[in-house]
Amino acid sequence: MIEEKGILFILSGPSGVGKGTVRKALFNQDTDLKYSISMTTREKRPGEKEGVDYFYKSKQDFEQLIKENQLLEYAKYVNNYYGTPREYVEKTLESGYDVFLEIEVQGALQVRENFPEGVFIFLFPPSLEELKNRIVHRGTESQDLVLNRLKEARKEIEMMDKYDYVVVNDDVALAVKKIQAIIQSEHLKRERIAKQYKQLLEDEL
Ligand SMILES: Nc1nc2c(ncn2[C@@H]2O[C@H](COP(=O)(O)OP(=O)(O)O)[C@@H](O)[C@H]2O)c(=O)[nH]1
Ligand SMILES: Nc1ncnc2c1ncn2[C@@H]1O[C@H](COP(=O)(O)OP(=O)(O)O)[C@@H](O)[C@H]1O
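Cut-offs applied
Residues numbered from 1 in each chain as written. Chains lettered and ligands numbered in written order. Predicted model: local features only at pLDDT ≥ 70, side-chain atom pairs only at ≥ 80, totals over all residues. Helix = DSSP H or I, 4+ residues; strand = E, 2+ residues; numbered from the N terminus. Rg over C-alpha atoms; globule rule 2.2 N^0.38 Å. Near = placed C-beta within 6 Å. Nonpolar A, V, L, I, M, F, W, Y, C, P; charged D, E, K, R; others polar. UniProt positions renumbered as here; feature names shortened; annotations may be inferred. Buried ≥ 20, exposed ≤ 12 C-beta atoms within 10 Å, placed from the backbone. pLDDT = per-residue confidence, 0-100. Pairing = 2+ DSSP bridges. Axes fitted to C-alpha atoms, helices over the stretch in contact; angles between N-to-C directions. Contact = placed C-beta atoms within 7 Å.

1. Quick notes on the overall build of the protein chain
When helices and strands are counted, the protein chain shows seven helices and nine strands. Computed over the C-alpha atoms, the radius of gyration of the protein chain is 18 Å, within 12% of the 17 Å expected from 2.2 N^0.38 for a compact globule of 205 residues. Counting only C-alpha atoms, the protein chain reaches 65 × 40 × 30 Å along its principal axes.

2. Quick look at the site of ligand 1
Not every one of the 15 residues close to ligand 1 is listed here, only the nearest: Ser38, Tyr82, Ile103, Glu104 and Gly107. Elements represented by at least two residues in the shell around ligand 1 include exactly α1 (19–28), β5 (71–77) and β6 (80–85). The residue makeup of the shell around ligand 1, split by class, is four nonpolar, six polar and five charged.

3. Focus: the UniProt feature "binding site: ATP" (unreviewed entry) in the protein chain
Per the UniProt entry, the sites bearing "binding site: ATP" (unreviewed entry) are Gly13, Pro14, Ser15, Gly16, Val17, Gly18, Lys19 and Gly20 in this numbering. Considering the arrangement of structural elements, one finds Gly20 in helix α1. Residue Gly20 is classed as partly exposed on the basis of its C-beta count, with 14 C-beta atoms lying within 10 Å.

4. A word on the site of ligand 2
Neighbouring residues of ligand 2: 14 residues in total, closest Gly18, Lys19, Gly20, Thr21 and Arg134. Per-class residue counts for the shell around ligand 2 are two nonpolar, seven polar and five charged.

5. Regarding the confidence of the model for the protein chain
With 97% of its residues at a pLDDT of 70 or more, the protein chain shows a mean pLDDT of 92. Scored by ipTM, the complex comes to 0.96, with pTM at 0.93.

6. A short note on the pairing of strand β1 (residues 8–12)
Most of β1 sits inside the fold, with five of its five residues counted as buried. With burial as the criterion, each face of β1 is covered, one bearing Leu8, Ile10 and Ser12 and the other bearing Phe9 and Leu11. Two elements, β1 and strand β7 (residues 99–102), share four bridges in a ladder whose sense is parallel. Counted as the bridge partner of Ile10 is Leu101 from β7. Note: β1 against strand β8 (residues 119–124), four bridges, orientation parallel. Bridge assignment links Phe9 to a residue of β8, and that residue is Val119.

7. Let's talk about the sheet that holds strand β3 (residues 38–40)
Taken in spatial order, the four strands of this open sheet run β4-β3-β6-β5, and their pairing is mixed. Since the sheet does not close on itself, it has two edges, and those belong to β4 (54–56) and β5, each with one partner. Here the strands of the sheet are splayed against their neighbours by 25° on average, with no regard to which way each runs. Where β5 lies against β6, six bridges are found, and the strand directions are antiparallel. In the sheet register, Tyr74 faces β6, and the bridge partner there is Gly83. In the packing of helix α4 (residues 105–114) onto the sheet, contacts are made with β5 and β6, and the angle to β5 comes to roughly 155°.

8. Quick notes on unusual backbone geometry
Its identity as a non-glycine residue notwithstanding, Asn69 has a phi of 60°, on the positive side. By the secondary structure assignment, Asn69 is in the loop between α2 (59–67) and β5.

9. Notes on the pairing of β8
Most of β8 sits out of view: six of its six residues are buried. Side chains of β8 alternate between two faces, with Val119, Ile121 and Leu123 and Phe120, Phe122 and Phe124 buried alike. Two elements, β8 and strand β9 (residues 165–168), share four bridges in a ladder whose sense is parallel. Across the sheet, residue Phe122 finds its bridge partner in β9, namely Val166.

Following this line, the structure appears as structure tokens:
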């Protein structure tokens, strides 16, 4: 029998493109997806909550998690660590649920190595100018950090061709619809493959 494992979806793309905004809009709608909450060493922003937005860790605790191989992937991003808890993702997929990660590009490439069957979605800005506007207007960063994030963004955009899908985030609701269509079509694809496989086994008997 074919195991009914969940599908791992990875939403990535440059900082400021709208990953968090699009992910939240997606989860505000009715969905069976399970969001994997990341670990980070960055400071909690006003309004954020432990265990909802992130699990906030000290640098020392985070490095211990790395040593114990408890992270599926991790990256140092603008002087802070960010990482995905391995056990949550593996167990949730095993129990048949789809898991959704929203992570930056270096981490997504590491996930690619461990989960080549994952579905990798790159969120693309309408333009670099608009990306800069979004980082500036979000207002969570100092001028220096804005420049750092823009520098990162240029490098990250070069990684786009390693992804399965590219979604332009010009309008949040539209980007959400496109991601939902990708999720649906990946399920149909896998169902079709499972059916063909079953047929193949029956034909051989
Ligand atoms: N590699 C990796 N990146 C993450 C993870 N969680 C969040 N990120 C990314 O880290 C970057 C910075 O996140 P954050 O400080 O929350 O700022 P913002 O998402 O740009 O508002 C974003 O690109 C996130 O998508 C994770 O578990 N692993
Ligand atoms: N489609 C969009 N149109 C206009 N502004 C957007 C759109 N998506 C996101 N934003 C804005 O851009 C800024 C960065 O979004 P955010 O979700 O924090 O990006 P990321 O998680 O990729 O770093 C926020 O101020 C957000 O409100």
